[in-house]
Every structure is written in C-alpha cells, then in structure tokens.
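# Observations on the three-dimensional arrangement
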4 protein chains.
Amino acid sequence: MKKLRYGMVGGGPESFIGEAHRKAIQLDALAELTAGCFSRSFEKCRITGDMVGIDPERCYASYEEMAKAEAAREDGIDFVVVVTPNASHYSICKAFLENGIHVSCDKPLCLEVEQAEELCRLAREKNLLFLVTYTYMGHVTAKHIRRYIASGKLGKIRTVMAEYPQGWLAREGEWGGKQGEWRCDPAQSGAVNCLGDLGTHVENAVAVLTGLKIKRVLARMDAVVPGRVLDDNDVVLVEYEGGATGCYWTSQFAIGHDNDLRVRIYGENGSILWSQETSEKVTVISAEGIITELHRGNIGIEPAAAAYGRLPSGHTEGWYEAMGNLYRSFTDCVYARKNGTFTESMIDFPTVEDGLEGVKFIHACLRSQANGNTWEEL
Amino acid sequence: MKKLRYGMVGGGPESFIGEAHRKAIQLDALAELTAGCFSRSFEKCRITGDMVGIDPERCYASYEEMAKAEAAREDGIDFVVVVTPNASHYSICKAFLENGIHVSCDKPLCLEVEQAEELCRLAREKNLLFLVTYTYMGHVTAKHIRRYIASGKLGKIRTVMAEYPQGWLAREGEWGGKQGEWRCDPAQSGAVNCLGDLGTHVENAVAVLTGLKIKRVLARMDAVVPGRVLDDNDVVLVEYEGGATGCYWTSQFAIGHDNDLRVRIYGENGSILWSQETSEKVTVISAEGIITELHRGNIGIEPAAAAYGRLPSGHTEGWYEAMGNLYRSFTDCVYARKNGTFTESMIDFPTVEDGLEGVKFIHACLRSQANGNTWEEL
Amino acid sequence: MKKLRYGMVGGGPESFIGEAHRKAIQLDALAELTAGCFSRSFEKCRITGDMVGIDPERCYASYEEMAKAEAAREDGIDFVVVVTPNASHYSICKAFLENGIHVSCDKPLCLEVEQAEELCRLAREKNLLFLVTYTYMGHVTAKHIRRYIASGKLGKIRTVMAEYPQGWLAREGEWGGKQGEWRCDPAQSGAVNCLGDLGTHVENAVAVLTGLKIKRVLARMDAVVPGRVLDDNDVVLVEYEGGATGCYWTSQFAIGHDNDLRVRIYGENGSILWSQETSEKVTVISAEGIITELHRGNIGIEPAAAAYGRLPSGHTEGWYEAMGNLYRSFTDCVYARKNGTFTESMIDFPTVEDGLEGVKFIHACLRSQANGNTWEEL
Amino acid sequence: MKKLRYGMVGGGPESFIGEAHRKAIQLDALAELTAGCFSRSFEKCRITGDMVGIDPERCYASYEEMAKAEAAREDGIDFVVVVTPNASHYSICKAFLENGIHVSCDKPLCLEVEQAEELCRLAREKNLLFLVTYTYMGHVTAKHIRRYIASGKLGKIRTVMAEYPQGWLAREGEWGGKQGEWRCDPAQSGAVNCLGDLGTHVENAVAVLTGLKIKRVLARMDAVVPGRVLDDNDVVLVEYEGGATGCYWTSQFAIGHDNDLRVRIYGENGSILWSQETSEKVTVISAEGIITELHRGNIGIEPAAAAYGRLPSGHTEGWYEAMGNLYRSFTDCVYARKNGTFTESMIDFPTVEDGLEGVKFIHACLRSQANGNTWEEL
C-alpha cells in the first residue's frame, strides 16, 4: 500500500513541537509530510517548507486554504497535524474535519468545553479519526499498566497520587523563551497555563492508565512566581466515579524537576508506580508488598504493549518512541479506514473524547478556584 | 555529674514503642530507667520492671501514685517517658507536670486542643521541659535542613509537598496486631487514626524543617478499607502564614510503602528533598537546578547538625539514633536545669508547643472534613 | 546542498542492527538510503530493498559489485554502512575503501590486527572517513564527560572501573535467537564472543571518555554456561600509559542486567560515574566528595556536548539519538569533504583507529588467557 | 540468669571502634562492661574506665595482667573484646584464650597465617568461643542472603563481583586522622593497608553469603596516592572450589564512596545484589530476569534472619544493629556454654576460622603481587 501523506499546521522555524512530531512520525516512516501551513507568516512557512522538502505549491498561507486545497487534491493529505498554540486549535481542527481530513492535535484540545464537544460531534459525524497527542501514554510501560489494571490485577483502585512538576519557569523575570512566553500569556494559552500544559497530561495519564472517570474536583490554583498572571502551581483533589480518590500536583517552579510526570496507583491488591523520566521500567507491588521492577522488554510486560518496542531492553527508548507509538496506532487506523478494515478496537491512542475530558477538567478546576476551592462536577 | 534517672508510663510486655524509647536513651547512656508504671495491669508492670531491672518498689500500679511517690523521693526520677495510647497522654503528662517532673511524651500530644493548651501552660508555669517525640526530626539530615533553610539559602519558600504513606493496614479484616488495633479504635485513638499517627509527623516535620506556620487547612479524610471507622487516607491542603502553600498526604493502605515520610521543599532559590527511609542523605538543588546529594558526614552538613552523628558516613545510622538525638538535647537541657546553666537556645527538640500545633492541626482538619472540605483556620 | 546518499551491506529482513542504523540516520534526515546489499541471499536483499524503497537496480547481489557500481555512478553513494557479522567486516570495508567510498562499520572492526591496520592504512591513503559505530559514545553525557576530563577537571586519573554485564544468554540450551547464535559461533564471530561484543564497547568507552591509552592487559576469559565454546564472562586488568590502572568486566549470563554498560572514573580531584542505561544523567563528584547529578540539558553540560541534544531535559533521549549523534558528526564530515571545508578537529566520532585499538585489545586478552593470565602489551 | 560480663582491650579515649562495640553490645543490654585495658597509657585507660563506669581496680595497665586477674576472679569477665590495631591482636587474643576467656576480636584477625592457625588451635583446645567482628554480616539482609543461597535458590553460583571502595584517603598529604594513620603505617597495620581493612571484609562477605571457598587468587595491589607505602587500591581475581570465579575491588581513594561494600552474586537461576549502605533491602532477580526488591521486614525474608530485626520495616536499622546482631548470637552462645546447652549449630557469627581465611587471603594476595600477579593457592 502507498505511504500515507500528512500536512502540518504550525511547526515553523522557532517551534520545538512541530519538529518533534515530524521526527516521531519519521521514526517508523509512517507517513510523508507533503503539505503545510507552518506559520502565520507566509515567509516563515516557506522557509520551513523548504527545509522539510515539500512542494512550494503545498505551502499554504492559511489553514483554511490548506484544508480546502488538500481536500480537493487526488493526492491530498490523509491527515493533518496541528501544533499551534492552544487558542487556535479549535478552529484549525474544525476546518480540517469539515473538509473530511483526519486530525492529530496537540493537547490541550482547545479552550472551551463547547468547542471540544463540537469537535467530538464533527469527528463522529464525519467518521474521522482524531488523535490528541498526550505523548507519554505512548510509552510501552504505560501501555502495559493500562492493560494490567484493566485485567483486574490491582483489584479495586483506592487512591491515585499523580504529579507533574517542572522547574524551568522558577525565576522571576524569566519566561522560558518562546515556549514559556506563549504558555504564560492568556491571549495564546487561554485561562490556564500550568494546568493546561501539565495538568491535562496528568488527567489523561490517570484516565488512560486506570480507566477511572472523574466525577468531581476541588482545585487550588496559584500564580506564585512574581509577574505571572496565570497559574504556575496547582493541586487538584479528585473524586472518581465508584468512590476512589486522587490528588494531582503540577508546578512550573519546582526547581530540580525537569519533566517529572509520575503516577502512583494504589489498589486493594497492589500498587503501580510509574515515572515518565524513567519510562523504561515500571514498579509493580503485589498484595504482599513485594516490589518488582519490570523493564520494557522483560517477560511479564503485556504482549500487546511489548509489541510497540523497537529495541531490546536496556537499549533505551524515549520521548520520540512514545510519540511514535501514538502515531503508529493512529496511522494504522487511517490505513484501515482507507482499506475498509477499521474497527473501533484498533484504537490505541488518546482521541478527541479524551481531549474533551481534559477541557472539562480544566473548566471544573477553574470554577473550583473561582468559588474558593469548592467541589465541582466535571 | 551523676547520671539522670527516668521513669516510664506504658511500655509493657507487648509494647513496641516503650522498648524503642529505652534503647534510644540507652544508646548514649543518657539516663537510667529507675521507675515505671508499664501497664494498667500491675502484673504486667512487674514483669517489665523485672525485665528492665528496676527496684520492685518503684514499679507502680498507677501513674498518679508514681508521680507523687517519685516527686517525694530524694533520688526520684528526673523525667518521665509517656508511651501509652493517645487518649491517656493528657492526664498522665498533667500528673507529672503537677508534681514537678520533666516530661517526654509520644506524639500526638493529646486528643483535645484545650488539653494541649493546658499542658503548655503547666509546663510554662512549672518551668518544666517537655519533649514530644517526633522521632524523625532527630535525624542529622533533618537538623541540617532546618539550619540550612533558616539561614535563608532557599530564599522564600513557595510550596511544600509532604507525604507519609504506609501499607501495613491495606487488607480488609486485618488490623495490624496490637499496634493497628488501638490506632483504628476511636476509644484509644480519638477521632483520628491515620492523621494522628502519620499526619502529625508530616505537620511537625514541615514545621521543623521550614519554620513555616500553618494559617489554614482544607482536609479530605477518608476511611477506605472496608471495616475502618477512622480515616486511613488523608490529603490536606495547607496555607502558611506569608502565603506559601503545601499539600500533605498520609495513607495506611498504600501497598509497597513501609514508613515513607518524605518532604519536598521548593523555594525561590532552590529545593530540598528529604526522605526518612534514606535519612543518611539529603538532596539539595541549587537555583540553577544542579542536584547535589549530601551524605551525613560530608563536608557541607551544617556543623551543629553534624555534631549529632556517632559514626563516620557510610556507617549507617537509623531510627534509634534519630530518637536518641531527641533525647540527647532533652537530657542536656534537663542537666542544665539542674545545674542552673539552662538557656532556651539549648532546646533542639520538639516541645509541648509543637505538640499543641499538632493537635490544632488535627482539629482543623476534622472541622474541614465535617464541613465538606472547607478551609479552616488553625 | 543536496542530501547525502548512503548504501548498506547487511541489514536484511532478520537483522536488528541494520534497521537500527537506518532509523538513527533518518532521525535527523542526515542521508538517504539509495543502495544496498542487504543479504547474501539476493532474494532477501530484494525484499529489504523493496521495503526501504530503493531502486531495484541498486539492490546488489554482492558487496564487490555494489562497491564498483556505486563508485562508477554520478549519483553513487557517499558512504556505506556495514552491518554484517564480524567475520566479514574486513573484506567489505576494504572493497568500499578501495573504491573511494567513505565507510561506517559496526564494531568490532574486524577479526585480526593486521586487517585493522590495513583498513587504517587504506583510509589514510585514500583520504576517506571511517566511522566505527560504538553507539554509546554518541550520548550527550558521554560527550560531556570526554570534554570535562580533557579539560583537566578530574586531575590525573588514578583508576577506572568499567563493566558491561548482560543476562540474555544465561540459560543452558538457549542461544538468544539469531543475534546470539552468530555471536556464540566461532565461524561468524571469530575467537571471541563476549569480549568482542561487549568488551570492545568497554575498551572504547574508557578510551573515549578518559583519553587513556592501554599499555598492557591481564585477562581472565571463561566460557561458563554449559555448551558455550567462546567466552561468556571476562575480567580484564588494565595498565594505561602513565600508570593509571583499570578493571573491565563483561558477562552475558549476569541475570538481571539488560545492557548495563557502566564506567566509573576516579581522579585525584574527583570522580565521574556514568551508566548507558541512565544516559540522560551523569554523576560528578568533587574533590570534597560532593555528589552532583547533572542531567542532559542542565547548565553545566559542556556546550559542545549539549549541542547534540534534540529535546529539552526530561524529554528522554535514548539509543537512536546516541547512534544518530555519531552519524551527525560523520555526515557533517562527509559533507565537509565534498565542500572542501573539512578539518581533522571536526571529527567527533570513533574512527578506524579506535577500531584498531579494539582489535588489539581483543588479541592481547586472548594471548593473556592462552598464557595463563599473564600481562600482555597491546 | 545473671547478665554476662565483658572486658575490653583497646577502645581508649581516641578510639572510634571501642565505643562502637560498647554501644552495639549495650543496644540489647547483652552484657555489662566490667573490666578493661583501654590504652597502653594507664592514665588514658583510667579516664576511659571512669567514663564507662567500671571499678577502678578492674582498670588494668596491661592485657596480660587483665587476662590473669579476670580469670582468677569469681565474678571475672565472660568474654573479652579486642579492639586494638591489627599488629597486637594475636598476642592479646592468645593471652585471653590461654586464660580460658571467650574472645571477640576486630578484623583482620592477625598478621600471620601461623598466628591465626595457633589462635584456631587454642580456641578449639580450650573449647572457647571466638567472634571475629566482620560487622556487615550481622545485617538481617545479609543473614537472609546466606540462607537463601544455602537453600539452593540461585542454583550453582557462576560468578561474584564484590567491591568495597572508600574515598577518605584520596588526598596527598592527608592521612585520615588517627584511624588512617595507623592503617597506613606498616608498623601497626602489617604488610597491607587497604586489603586488610577492606579486602578482608569483602573476602568474608562473599564467603558468608555464598558459602564459596577460595581456591586461588591473582592480586594486583597498588599504592597510588603519593606518599602511601602500603596498598590503597587492589583488584583480586578469585577462583573458588567448584569452578566459580570472582573479582574483588577495594580502594581508599575512590572519591564519592563512603563505605560502599557491595556484593553481586550471579547463579544459574538468578542473581542477588546487596549493598551495605542500603542494607535495609536486598535485590533478588529470578531466572526470568524479574527484579524484586525485598525490604527487611517484608514477607519473603527468611524467618531465621528476620528474627534479628528490632524495628518494623521502614524504621531504619544500621551499623550498630548489625554489630549488635553478631554479639547477640555470640552472647547467646556464651550463655549456652555456661548453661551446658550449647551446640555448634547455634553459631551464627564469623569465627576464628573465618578470621584465618582472611589472613590466608591477604598472604596469598601478597605473594601474587610479589610474583608479578600470578595465581596463588590459598
């Protein structure tokens, strides 16, 4: 079968995440980049287009134009990758969905719950696939945990402690370059900074790993570093359907933490500890308290998760491989749609519905904070 | 100078903590056990008295009798060690204070705020020393952190994440033997279990290490393991005076955790990570994010803290040494009182005022939980 | 400038390492695969050629033919990647060098010292670049250590402890699939197994990181697992020029170790600890014994090393990125050769001379073992 | 039964190890110190006698006098603790054995193999107990490993990697105070420094944990730090009876290591990793490569080992407890001798025969080094 083609919106010369998506897709040569609207500046768009080697005529000045033009081509793109700041996700995704093109969009999905619901509705109506790139759920060990817990091995889950501290925005007067600047700017980031950037990763990681669904939250959100307008430290108490509880912490001034997403899951028959910075292993604790460290590649990793591994254990895989794994399942599904072999059970990636949960989570937290840290339903 | 003499209330044949205090005091031969009321059963009291080798006439049937008799003797005890279940701390401590005897009491200090306030008042009026044995603050590394932070090296503290999970009470129908039974029993433990046992350690550790004073709390307390009446999992959001925030987690069903008190402190100029199970080291992170692991015994440990070490670094010290360090400062102070050389600045141990904070903390949390997880002033 | 073109010898359908090289080169899109002799079976060669999408006419039945044909083409390959079993490296590399094509060859370089010397001579005479793919020296932290030590910060190095245990060949009667079978087979692997596969990595890692040159070795080589003919556990004592000493351990039956290359370097002014499985960090110890953990991406990483990073710290890089870094410098040099801008100081990868050291190391160890564990000059 | 009485030779005002033995014995109140010859200076002896509170008439000017006088008393000491520099161990131990007094002696046992053999012979003839205080084998986890391996769970042991690096003597011109000075001085330390101090611990640890008996050794011993006369870095290759191999490394200039005794044992059915600085846990790896971390106090610790624990898991035990455990078994045996209930199987501590192995090990290494690093039988 012919290779898939994809386009990209965002990912221009100063973007980090665009290049990261391109490398992740390229890792397994899953699809070929053939079109793009890489920047709001057409000049910058062209520079990137040149660099990545696409046909100049498929470098577009606007995403609207791109969506229409690509939809009209015989050899048009199979899917689009949206890697712009949060505030523009909604309208871009909408444009491609409306033109019948599958979408991959960075998280958080969009700013408003209504927007997210509309994207869900559109994807459903148009029968289109929609990946929200919660990168870390691509790790083999994360995929293992999901299957392990789903099989009931931990028993009923009692509590979840999850966190995602970073330290890169700890200093007053420093804004972390382009990456930090847009995140701290309400115009580009929406009403949240830290909770949108990190908190939604935590929310999604717990949802994916445990299968738990949040009922209500109580959030304490603070803008601590002098000069910040948006939150840079958040603690969220969580109640799940079925009675389990959780606590999520995110921070951008926790000096000493690089990118420290961790999830600890306590069930009636054991525990699971996982950290994305050491994602090559997972700690599994039995009901008797025996602590086992499973490595990616060990016997004991669920076969369906292990199958995503590219290298023998001890030959370290990392961020690109995790992202690549999301795209592996997504592109498999896109192929299958073209082939007519698609079934829902093939989906092994976070979808637009997961993205909706993230937006609901943010808004429930914002209400809780506005009301003086009350419990708010999702 | 002659060796100090001490008595003990509690610590009978089935007690773990009584023997632990005795060993800790004996480690540096700081004082001699010469009197006791080791059990409410006089027979058991006698058995322990025999075992530890005290004069049978100084084995007492009641603590009231003991307090009076010892106060009346020329060679009476210099201090008493109270290691009974929480509900009886107040009246026992009061009896000894009223008879002019210095007190060491296990934590939490007592059940009610008014009781704690009365003990504070009594100790002040009678000019008596009062140690509350928050064991872990005796570790050399804990003493180092306190001095390091007090010297301003972290700058303003922004947030504190502290936790104390254990897993020994995770199983339905199991009560952890005598230790667990009284803790889970409202009659002996008061209105809290986990929060009293573990939460007060967390509260005290953060207070001692950072010098921060709690302004208000928002607590979520749950009794999760089927059959528990009292809390076995708690999350407490904290606001300190001056605006810093914190989050404390304690649990008794977190399978895989033995006794995992951890404190992480994030300041504007760096961070400190400390874990009591690996108390031979402390992680210090600079403003630039450089992570340093200091070992007890390394250059760089504050000299006043290092002085408590008994063994070269790498020759591991543990729980007994931590407890012994509390008693070292306490007995130094008792000596100094006898000598007339005492000054307040000699106190390097948690006092009855620290104990009072713990009781206030518990009650504010109980109010918060009762009111649906509201903020409550301490 | 136009993209480089490369060819591959080996890397057919059942090969792991061929695909790994291809992915590593593709990571930064450094060169395009345009020719290959992927298998001794022409059918298998074609299958791989198809899979990777090269022109069928540039799928060759023999490497000799490929070397000649590609050398003759206008659009011939700029370099070849040799990923066959060890015994064939020499003649393949020789063929491409003789035809004026730059070479990248897997380690160990070849079987005999004379062969290695001839390859060195040929590369020099023909003025060709030659990369030997000691993967792990591509890690940013390895590049940091090399520069850190070269700058004299550790002072004179006193001793080096290095090891590379694996556990995958621990079981009698199991041969680790195709990968293990050829390694354990003298016909394909030469006179050594474990020492060639792992020992040469250790030898190279120490040479690269420290700059030390081995003077003599004393080796103890054992074939331990029943059925093994070649060594599967080796300890080598090392004396370096200048008087420092070292000890290297490699094993294939050390159950619990995946791919555990570790180097510990002790100098008069401090120490360095590095482990390839946790290559995102490096432990640096000062003369005063203060232990610092540097992360890839932290301030403190030598800028010339840090420049190889693709992702922010905490966004994990791994094996592919390390290999990709070797190719990044190699392809930079190949470009520069074409441009006429090449200088020796651009070389930041292990060369054919490093490969020669590895072969000498193996042979000195073999002599030592044959003579009853005597000291043998390299 | 009445408490045991013991005497001490060495352990005067500047001694570290004497006080350490006293604290360890006192931890469980196993015996009472009632006599001593604490220093070659009688004045210093008296000062220590006063400090520890023994009868001045039982402070002796010479160990010969002490041995005779104590043997003659009705209430004489039950055993003596010898904590002097190595060179004097032999004659002191001999004097007490000849006077019928049980002996505990610090390691290494003595300087010469003939001396060690004579002490073995004397202990046997006189039917006396003899503890050599290899502290680290007292750890609960060490006791667990010994039983675990003895029960055959690892299968045949294939290789052992053991090491004991320290960094305290890394600096030229610094001698580590009184502790370092005598160790580096041939007159007090004998022909070895590092190998005697650390190497014998390694030798004993491997012997105790695995039950393996050394057949021959090949040693490389170096005096590296400028000014050292005796060895400060040693690597010893080992062959055991039955064919397993080992490699031991010890160093005193390995900056960053405090007291880092580690043993890694690889068998045909799994592996064991143990480190004395983290002796509260042990890593056990199954034949399938599954890594388990057992904590002292966990289910899974051999009951006979677990019985030595004093505190619940997570309530850290350390050096004193390990040393105390050696004395616990030793004093049990001394009691049993007095009672007539002693049997050989009660011995759970390193004996004079273990001490003899250590002396033989040192001398075989010295011969190997003298002969240019040849294999030498023990």
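These numbers come from a predicted model, not from an experiment. (Residues numbered from 1 in each chain as written. Chains lettered and ligands numbered in written order. Predicted model: local features only at pLDDT ≥ 70, side-chain atom pairs only at ≥ 80, totals over all residues. Heavy atoms only, no water.)

## Brief notes about the interface of chain A and chain B
The interface of chain A with chain B comprises 41 residues on the first partner and 41 residues on the second. Both faces considered, chain A and chain B share a buried interface measuring about 3,000 Å² in area, 58% of it formed by carbon and sulfur atoms. Three residues stand out in chain A for area buried against chain B, namely Arg158, Arg220 and Ile255 of chain A, and they jointly supply 23% of the buried area on that side. Our count for the chain A to chain B interface comes out at 6 salt bridges. Of the charged contacts in the structure, one is a salt bridge between Arg171 of chain A and Glu288 of chain B, with a shortest N-O distance of 3.9 Å. Linking chain A to chain B there are 12 residue pairs in polar contact (both at pLDDT 80 or more). Only strand E6 (157–165), strand E7 (214–222), strand E8 (233–240), strand E9 (245–251), strand E10 (262–267), strand E11 (270–275) and strand E12 (281–286) of chain A provide two or more residues apiece to the side of chain A that touches chain B. A class-by-class count of the residues in the side of chain A that touches chain B yields 18 nonpolar, 13 polar and 10 charged. (Contact = heavy atoms within 4.5 Å. Buried area = accessible area lost by both parts, 1.4 Å probe. Salt bridge = Lys/Arg side-chain N within 4 Å of Asp/Glu carboxyl O. Polar contact = N/O pair within 3.5 Å; in protein donor to acceptor, adjacent residues only side chain to side chain. Helix = DSSP H or I, 4+ residues; strand = E, 2+ residues; numbered from the N terminus. Nonpolar A, V, L, I, M, F, W, Y, C, P; charged D, E, K, R; others polar.)

## A closer look at the packing of aromatic side chains
On inspection of all chains with the given rule, the structure shows 40 aromatic pairs over all chains. Aromatic pair Trp249 of chain C and Tyr266 of chain D: ring centres 5.5 Å apart, planes at 40°, arrangement tilted. Pair noted here: Trp249 of chain C is in strand E9 (residues 245–251) and Tyr266 of chain D is in strand E10 (residues 262–267), and the two residues belong to different chains. Side by side, Trp249 of chain C and Tyr266 of chain D carry an identical accessibility label, which is buried. Linked through ring pairs, Tyr6, Phe79, Tyr327, Phe330 and Phe349 of chain A together constitute an aromatic cluster. Seen from the ring of Phe342 of chain A, Arg337 of chain A lies directly overhead, with NZ or CZ sitting 4.2 Å from the centre. Between Arg158 of chain B and the ring centre of Phe253 of chain A, over which it is positioned, the NZ or CZ distance is 5.5 Å. (Phe/Tyr/Trp six-rings, centres within 6.5 Å; stacked < 30°, edge-to-face > 60°. Buried < 20%, exposed > 50% of the residue type's maximum accessible area, 1.4 Å probe, protein only. Lys NZ or Arg CZ within 6 Å of the ring centre and 35° of its normal.)

## A closer look at the relation of the copies chain A and chain B
When chain A is fitted to chain B, the residual RMSD is 0.0 Å, and the transformation amounts to a turn of 180° plus an axial shift of 0.0 Å. Seen this way, the second copy is the image of the first under a two-fold rotation axis. Residue Thr374 of chain A, judged by its C-alpha, is the member of chain A lying nearest the rotation axis, at 3.8 Å. (Least-squares fit on C-alpha atoms with pLDDT ≥ 70 in both.)

## A word on the side chain of Ser329 of chain C
Looking at where Ser329 of chain C falls in the secondary structure, it is placed in helix H11 (residues 319–339). In this structure Ser329 of chain C touches Tyr308, Met346, Ile347, Asp348 and Phe349 of chain C, once residues within four positions along its chain are discounted.

## What to know about the confidence of the model for chain A
Confidence in the prediction for chain A averages 95 pLDDT; 100% of positions are at 70 or higher. The complex model carries a pTM of 0.96, and its ipTM stands at 0.95. (pLDDT = per-residue confidence, 0-100.)

## Quick look at the sheet that holds strand E5 (residues 130–132) of chain C
Residue and element names in this part refer to chain C. Pairing within the open sheet is parallel, and its 5 strands lie in the order E2-E1-E3-E4-E5. Two strands bound the open sheet, and with one partner strand each, they are strand E2 (31–37) and E5. Between one strand axis and the next, the sheet turns by 20° as a mean value, whatever way the strands run. Contacting strand E1 (4–10), E2 and strand E3 (79–83), helix H1 (residues 17–27) runs over the sheet at an angle of about 145° to E3. (Pairing = 2+ DSSP bridges. Axes fitted to C-alpha atoms, helices over the stretch in contact; angles between N-to-C directions.)

## Focus on the packing of helix H1 (residues 17–27) of chain D against helix H11 (residues 319–339) of chain D
All names here are of chain D. Running from N to C, H1 and H11 cross one another at 70°; their axes reach a closest spacing of 8 Å. The angle between H1 and H11 falls in the class roughly perpendicular. The handedness of the crossing between H1 and H11 comes out as right-handed. Across from Ile17, Ala20, His21, Lys23, Ala24, Ile25 and Leu27 in H1, the residues of H11 making contact are Trp319, Tyr320, Glu321, Met323, Gly324 and Tyr327. (Parallel < 35°, antiparallel > 145°, perpendicular 65-115°, else oblique. Left-handed = near helix turned anticlockwise from the far one by under 90°.)

## Considering the pairing of E10 of chain D
Residues and elements named next belong to chain D. Counted residue by residue, E10 has 5 buried out of 6 residues, so it is predominantly covered. Relative to E10, strand E6 (residues 157–165) is paired through 6 bridges, and the arrangement is antiparallel. Bridge assignment links Thr159 to a residue of E10, and that residue is Tyr266. Pairing of E10 with strand E11 (residues 270–275) involves 6 bridges; the strand directions are antiparallel. Its bridge partner being in E11, Tyr266 is matched across the sheet by Ser271. What sits between E10 and E11 in their antiparallel hairpin is a turn of 2 residues.

## Some remarks on the nonpolar core
Within the largest apolar cluster, 160 residues are counted, with the highest numbers of intra-cluster contacts made by Tyr248 and Ile265 of chain A together with Tyr248 and Ile265 of chain C. Residues in contact with Tyr248 of chain A, not counting those within four places in the same chain, are Ala162, Val202, Glu203, Val206, Ile214, Asp234, Val235, Val236, Val238, Tyr240 and Phe361 of chain A. Listed in part, the 159 residues of the second largest apolar core include Val160, Cys194, Val236 and Phe342 of chain D. (Core = buried A, V, L, I, M, F, W, Y, C linked by side-chain atoms within 4.5 Å.)

## A word on unusual backbone geometry
All names here are of chain A. With an omega of -10°, the peptide bond between Lys107 and Pro108 qualifies as cis. Within the secondary structure, Pro108 is located in the loop between strand E4 (102–105) and helix H5 (113–126). Of note in the backbone geometry, Asn373 takes a positive phi value of approximately 70° without being a glycine. Inspection of the secondary structure assignment puts Asn373 in the loop between helix H12 (352–370) and strand E14 (375–377).

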